[in-house]
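Residues per chain, in single letters:
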Amino acid sequence: MKFKGVVALCLYCLIVGTALPTWAFEERIEEYKKAIAADPKDYAPHFALGQIYQTLGLYEKAIKEFKETLRLEPIFSAAYHGLGGSYSELGRFKESQKAYLETTRLDPNYAEGQYGLGWVYSKLQKCKKALAPLKIAIRLQPELSAAHFVLGLCYSELGDQRKAIEEFNKTLDTAPLFIEAHLGLGKSYTVIKQYDSAIVAFNQALELNPNFYEALTGIGQAHIRSGHYKEAIEPLKSALLINPKDGPAHLGLGTAYQKLKQHKKALQAFQNFVRIKPRNPHAHFKLGQAYLNVGQRSKALESFLETVRLNRDHASAHINLARLYERMQRFPQALKNYEEVVRLQPKNSQAYFSMGKIHERLKQFNLAADAYKQVLAIKPNHRKAHKRLGDNYLKLKWYGPARDEFKKVVAVDPKSAEMQFNLGLSLVELQQYTEAIAPLRAAIKLSPDHPLAHYELGFAHLNLKQYKKAVPSLKRAVEIEPESPLSRLSLGIALSELRQFRSALPHLKKSIQMAPKLFKAQN
């Protein structure tokens, strides 16, 4: 919203009271200059001259005269008030704040001074501090519509839309033609999802000024928030006909087209948004998303990179960059961006999970395990993280931790053949053969043709010297995977222990042929 005009209007009404032609001001300026020349120590003509300069928009000259007034009369609160108003019109808000603070110190019951202080606090984004002087101004002068309006803005900024709506309505009670109050009302209704009331407020603003493009944009935004994307397009287009540089209208139009899956039109809207807001990181981010939707990944990459150049802490842009780099198999860059994501969002379990998968692909199993542990610290029941953590422990030959992870997964998902097998394998590697039998049998029941499950079960029985139980499992492993030297070797050993040498010999010979380094077979 444009609030500068609110202050200018208020100052004009307070200081001048009635409209005067330019020649009348010129005559008065000459009169006051003569009065100053006649009595240089009289502060009154300096003050009056400052008022006229302020009304004419000659703020530097006004400041000079108000300062001279205060040099001659240091406790004249109205001069500080004038000084605050002129500084604020020049955008010198800190100097304006000092002037208004002095105004209210000298005269706490000066309603316009309290209002000025509240207004400048709002411009300095100190809305909490603005509330007290604005409320004092309203208590002293209940009909001061500008104070109600700025108080409404502050409540809105602080997230209290109900109180904001109350103040905007009070503004309109005393100043029904206050168009910015209608706009503020519409925006607050939009935030609390009272979209019909918002659209009514925006339309009331348009009744006062059909070219008030901010209200047209507001209507479009209300339609988007309520999910009526088609209805949003026309008011947004109308807003852009009036003001082609209306950034929120371009953003809204792009969003509406995006929701309607008209991605080429959305792309054009976001390109326009970036054109008028080249330093806006959100504009580049939305453009990046639009490029993704039309399959232009390299352009999307450029847009997301520009987003994080402008705002290093844009987590969503880092997420998109990480995913793009991952697709391009540029894993170091993907990891770097995922690291930025978890810096900004320490509870983002999906980012840690993706980091774990990349580390696995790079065979960095230690780092992969660390990433999955981070996932589990955030989501202790994340089954896939337990599974992958166990897998990485297996690859690291950390069989104890692997067993513990697979136990957790099997407890939640006992019908996973893969998890039952991994649990059994971990137990075999830990030489806990008796405990390994149950999960390996469960794996075979769930997946009867799982060759490794048959082999590991046979191997467990073999190590328990349960040779008769070992033979059927090892035979089945050889049937499913006849080229497995380990299965043939173990079967040969089991048969030999049962003194079935003729049956054992072919398997032992075959294992030697397939893997000559299996010295046990040769012995």
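By convention here, each chain's residues receive numbers from 1 onward along its written sequence. Only residues with pLDDT of at least 70 get local features here, since the model is predicted, and only at 80 or more are side-chain atom pairs given and counted; chain-wide, interface and lining totals rely on the full set of residues. The basis for every side-chain value is the complete set of heavy atoms in the structure, and neither hydrogens nor water enter the calculation.

## Details of the overall build of the protein chain
Note the following rule: Strands are runs of DSSP state E lasting at least 2 residues, helices are runs of H or I lasting at least 4, and numbering of each runs from the N terminus. Atoms counted for the radius of gyration: C-alpha only. Globule rule: 2.2 Å times the number of residues to the power 0.38. Summary of the burial criterion: residues with accessible area below 20% of their type's maximum are buried, those above 50% are exposed, and those between are partly exposed, where the area comes from a 1.4 Å probe applied to protein chains only. In what follows, a contact means two residues having at least one pair of non-hydrogen atoms within 4.5 Å. Neither His nor the chain ends is counted toward charge; the positive residues are Lys and Arg and the negative residues Asp and Glu. By convention, the charge on Lys lies at NZ, on Arg at CZ, on Asp at CG and on Glu at CD.
Scanning the protein chain for helices and strands turns up 31 helices and 0 strands. Taken over C-alpha atoms, the radius of gyration comes to 39 Å for the protein chain, far larger than the 24 Å a tight globule of 523 residues would show. If you line up the protein chain on its principal axes, its C-alpha atoms span 135 × 45 × 35 Å. Looking at the protein chain as a whole, 50% of its 523 residues are labelled buried. Residue pairs at least 24 apart in sequence account for 44% of intrachain contacts in the protein chain once pairs closer than 6 positions are excluded. The distance from the centre of the 76 positive side-chain charges to the centre of the 49 negative ones in the protein chain is 13 Å.

## Quick notes on unusual backbone geometry
Backbone geometry at glutamine 329 places phi at a positive 60°, although glycine is not the residue there. The phi dihedral of lysine 465 falls on the positive side, at around 60°, and the residue is not glycine. The topology assignment puts lysine 465 in the loop between helix H27 (451–463) and helix H28 (467–480). The class of lysine 465 is exposed, set by a relative accessible area of 62%.

## A word on the side chain of glutamine 97
In this structure, glutamine 97 sits in helix H6 (residues 93–106). Beyond its immediate sequence surroundings of up to four residues, glutamine 97 is in contact with Leu117, Val120, Tyr121, Leu124 and Lys126.

## What to know about H27
Operational definition: The length a helix should cover is 1.5 Å for every residue beyond the first.
Between its terminal C-alpha atoms H27 stretches 18 Å, which fits the 18 Å expected from 13 residues at 1.5 Å a residue. Buried within H27 are the following residues: Ala453, His454, Tyr455, Glu456, Leu457, Gly458, Ala460, His461 and Leu462. The positive-phi residue at the C-terminal boundary of H27 is lysine 465, with phi of around 60°.

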